[in-house]
Amino acid sequence: MKDPDLKVLTGLCAKCGTCRTVCTLYPERKTEIAVARGKVALVEAALSGEDADAASVQEALTDCLLCGRCERACPNQVLVEEIVMKGRADLAEEIGIPAWKSVLFGKVMASPAATEAARMAAAAAERLLLAKVPTRSGLHYRFPEGIAGGRTVPELPAKGFIRSLRKREAVSGEAMLFVGCVFDHVFPRVGRAAYETMKASGRTVAVFRDAACCGLPAMVSGDRRSAAACVEENLLRLRSADPGEIVFPCGSCLIMFKRNVFSLIPRSNPLYEDAVFVADRSVDYASFILTAGVVDRLPDPPEGERVGEIGYHDPCHLSGTLGKGPQARELLSRAVGDAFGEMAGADRCCGYGGTFNARDYPTSSRIGENKVSAAVRGGTKVVSTACSGCVLQMRDMAARVDPSVRVVHIAELVQNALSGGREGTPRR
Ligand code: SF4
Ligand code: SF4
Ligand code: SF4
């Protein structure tokens, strides 16, 4: 390992062990190497040349959900996620990343046309090859046990959200919706709900079209070149569109533009000012709806119906790192009234962790099943959230634990409330 930043970043660690008490992965692994302190020590050893086995260091750094719980609890403000991501990138330069990841991040996710083609191929394949699993969140398909861990995936739609827009619709506006790949291609109903509810503010709303992926999957996999290419293209296009606000229904996309971008575009980079411009204007969906006047248009929610049945799952970065949990809760209270109730284990990580879910599905699903089971025991029947990865994971886990549990994005609940829906869950 040779990235000089890593020496500075790891140097702040006092090896106090606080991170172990909060680590999402520690209860599963019960080993020091799973937690931030162990990873920091390993990186320090690799930097000093003591541990020359790059593959085992890469394995240890890959075994992390990047949930950030350790970082938020750390008394020394050690930037654990930055250390893990920079370490992965350093090692990817040294020993490479799997070819399929290079193609996915460099060719497919960087190109809207290739992403669309991949979605259509996947939609056809799931209909042909997988078993149908009806759940209260909609139709899903299940892989056979032994293939992809028997995971459940949502039915892919015939058309994504952005392709459903008319040619001249939402081309320019005061506020811009950055819908993200998942809420465009996998759950277009969420993209539509975010768009329609933003329009209820009375402001004109543009939808960011032909967007490259935000770059997060490439970045967390150590492919900084592909991540930077996505980020640079997005920054230039967002800057020239000059929106007053850029609204993100996905907390993962938002953290990319609010925080991670500065790891790729430091002060010395010519695009730094563009990155600051975009970060300053980037807001989470709930904050926009609360401040743009949409809540004033919400009818009074029904009282005494399904009290406490709708919970909120805190996405790690949206609630934890960016502190937007209160905004989501306030919005839910305004939209569904006392049907919203604090969910048991709301701030526990769902276990998705982006590429972690693909890498170690059994562990990811154990963490997720525990989460959904706790929510169900606490009386939650609808899990709402505001991050694309969380929606994917919680739907899969609900299909495993209790298919009667519905998983929705908060925008769907707001849209339902605006349309006078009384049932507290989106109309079908
Ligand atoms: S909590 Fe922070 S300072 Fe303490 S061991 Fe963990 S990373 Fe190091
Ligand atoms: S980011 Fe999460 S999983 Fe990774 S070491 Fe920190 S607490 Fe553990
Ligand atoms: S965080 Fe996920 S959903 Fe959002 S743009 Fe990046 S890849 Fe797409």
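Residues numbered from 1 in each chain as written. Chains lettered and ligands numbered in written order. Predicted model: local features only at pLDDT ≥ 70, side-chain atom pairs only at ≥ 80, totals over all residues. Heavy atoms only, no water.

1. With respect to the overall build of the protein chain
Okay, so step 1: In terms of helices and strands, the protein chain carries 23 helices and 10 strands.
Okay, so step 2: Its C-alpha radius of gyration of 21 Å places the protein chain within 12% of the 22 Å reference for a compact globule of 428 residues.
Okay, so step 3: The principal-axis extents of the C-alpha atoms in the protein chain amount to approximately 65 × 50 × 45 Å.
Okay, so step 4: A burial count over the protein chain gives 55% of its 428 residues as buried.
Okay, so step 5: When contacts within the protein chain are restricted to residue pairs at least 6 apart in sequence, those whose partners lie at least 24 apart make up 75%.
Okay, so step 6: Only carbon and sulfur atoms are counted for the fraction: they give 54% of the accessible area of the protein chain, which is about 17,700 Å².
Okay, so step 7: One finds the centroid of the 55 positive side-chain charges in the protein chain at a distance of 4 Å from the centroid of its 50 negative side-chain charges. (Helix = DSSP H or I, 4+ residues; strand = E, 2+ residues; numbered from the N terminus. Rg over C-alpha atoms; globule rule 2.2 N^0.38 Å. Buried < 20%, exposed > 50% of the residue type's maximum accessible area, 1.4 Å probe, protein only. Contact = heavy atoms within 4.5 Å. Areas by Shrake-Rupley, 256 points an atom, 1.4 Å probe, with all protein chains shown as cover. Lys, Arg positive; Asp, Glu negative; His and termini not counted. Charge placed at Lys NZ, Arg CZ, Asp CG, Glu CD.)

2. Remarks on the site of ligand 1
Okay, so step 1: Near ligand 1 you find Cys13, Ala14, Lys15, Cys16, Gly17, Thr18, Cys19, Arg37, Cys74, Pro75 and Val78, and these make up its full shell.
Okay, so step 2: The residue makeup of the shell around ligand 1, split by class, is 7 nonpolar, 2 polar and 2 charged. (Near = heavy atom within 4 Å. Nonpolar A, V, L, I, M, F, W, Y, C, P; charged D, E, K, R; others polar.)

3. What about helix 9 (residues 112-129)?
Okay, so step 1: With 18 residues, helix 9 should reach 26 Å at 1.5 Å per residue; the first-to-last C-alpha distance of 25 Å fits that figure.
Okay, so step 2: Within helix 9 the residues assigned to the buried category are Thr115, Glu116, Arg119, Ala123 and Glu126. Buried residues along helix 9 cover an arc of 100 degrees about the axis, so they all sit on one side. Exposed positions of helix 9 whose direction lies more than 90 degrees from the buried face are Ala113, Leu128 and Leu129. (Expected span 1.5 Å × (residues − 1). Arc of directions from axis to C-beta.)

4. Here we look at the pairing of strand 9 (residues 382-385)
Okay, so step 1: Residue alternation in strand 9 divides its side chains into two sets, Val382 and Ser384 and Val383 and Thr385, and both sets are buried.
Okay, so step 2: Where strand 8 (residues 310-312) and strand 9 come together, 3 bridges link them in parallel fashion. Residue pairing across strands places Ile310 opposite Val382, the latter belonging to strand 9.
Okay, so step 3: In this sheet, strand 10 (residues 406-409) lies alongside strand 9 in parallel orientation, the contact comprising 4 bridges. Bridge assignment links Val383 to a residue of strand 10, and that residue is Val407.
Okay, so step 4: For the segment spanning strand 9, helix 22 (residues 388-401) and strand 10, crossover handedness is right-handed. (Pairing = 2+ DSSP bridges. Right-handed = clockwise from strand over helix to strand, strands pointing away.)

5. Description of the site of ligand 2
Okay, so step 1: Contacts to ligand 2 come from Cys23, Thr24, Leu25, Ala34, Ala36, Cys64, Leu65, Leu66, Cys67, Gly68 and Cys70.
Okay, so step 2: Of the residues assigned to the shell around ligand 2, the class counts are 9 nonpolar, 2 polar and no charged.

6. Topic: the sheet that holds strand 3 (residues 152-154)
Okay, so step 1: Here we have 3 strands laid out as an open sheet, ordered 1-2-3, and antiparallel in their pairing. Each edge of the open sheet carries a strand with a single partner, namely strand 1 (131-135) and strand 3. This sheet shows a mean twist of 40 degrees between the axes of neighbouring strands, independent of strand direction.
Okay, so step 2: Bridging between strand 1 and strand 2 (residues 138-142) involves 5 bridges; their strand directions are antiparallel. Bridged to Pro134 within strand 2 is Leu139.
Okay, so step 3: On top of the sheet, helix 22 reaches strand 1, strand 2 and strand 3; it is set at about 125 degrees to strand 3, its chief contact. (Axes fitted to C-alpha atoms, helices over the stretch in contact; angles between N-to-C directions.)

7. Some remarks on the sheet that holds strand 5 (residues 205-207)
Sheet strands line up and pair through hydrogen bonds in the backbone, either parallel or antiparallel.
Okay, so step 1: Spatially, 5-4-6-7 is the arrangement adopted by the 4 strands of the open sheet, whose pairing is parallel. Both outer strands of the open sheet, strand 5 and strand 7 (282-284), are each paired with one neighbouring strand and no more. When strand polarity is set aside, the average angle formed by the axes of neighbouring strands in this sheet is 35 degrees.
Okay, so step 2: Pairing of strand 4 (residues 175-177) with strand 6 (residues 245-248) involves 3 bridges; the strand directions are parallel. Bridge pairing in strand 6 links Met176 to Ile246.

8. Side note on the environment of Ser282
Okay, so step 1: On the secondary structure map, Ser282 appears in strand 7.
Okay, so step 2: For Ser282, a relative accessible area of 1% translates into the label buried.
Okay, so step 3: For the pair Ser282 and Glu412, spaced 130 residues apart in the sequence, the C-alpha separation amounts to 21 Å.
Okay, so step 4: Apart from residues lying up to four places away in sequence, Ser282 is in contact with Ile246, Phe248, Leu254, Phe257 and Lys258.

9. Brief notes about the domain arrangement of the protein chain
Much of the literature gives interface size as the accessible area that the parts lose upon coming together.
Okay, so step 1: Entries for the protein chain in the domain assignment read domain 1 (4-95), domain 2 (106-290) and domain 3 (298-418).
Okay, so step 2: Each of domain 1 and domain 2 was reduced to a C-alpha centroid, and the two centroids are 29 Å apart.
Okay, so step 3: The interface is formed by 10 residues belonging to domain 1 together with 8 residues belonging to domain 2.
Okay, so step 4: Interface of domain 1 and domain 2: buried area, both sides summed, is about 720 Å²; carbon and sulfur atoms make up 47% of it.
Okay, so step 5: At the junction of domain 1 and domain 2, the tally comes to 3 salt bridges.
Okay, so step 6: Measuring nitrogen to oxygen at the nearest pair gives 3.1 Å for the salt bridge that ties Glu93 to Arg225. (Domains from an automatic or database assignment. Buried area = accessible area lost by both parts, 1.4 Å probe. Salt bridge = Lys/Arg side-chain N within 4 Å of Asp/Glu carboxyl O.)

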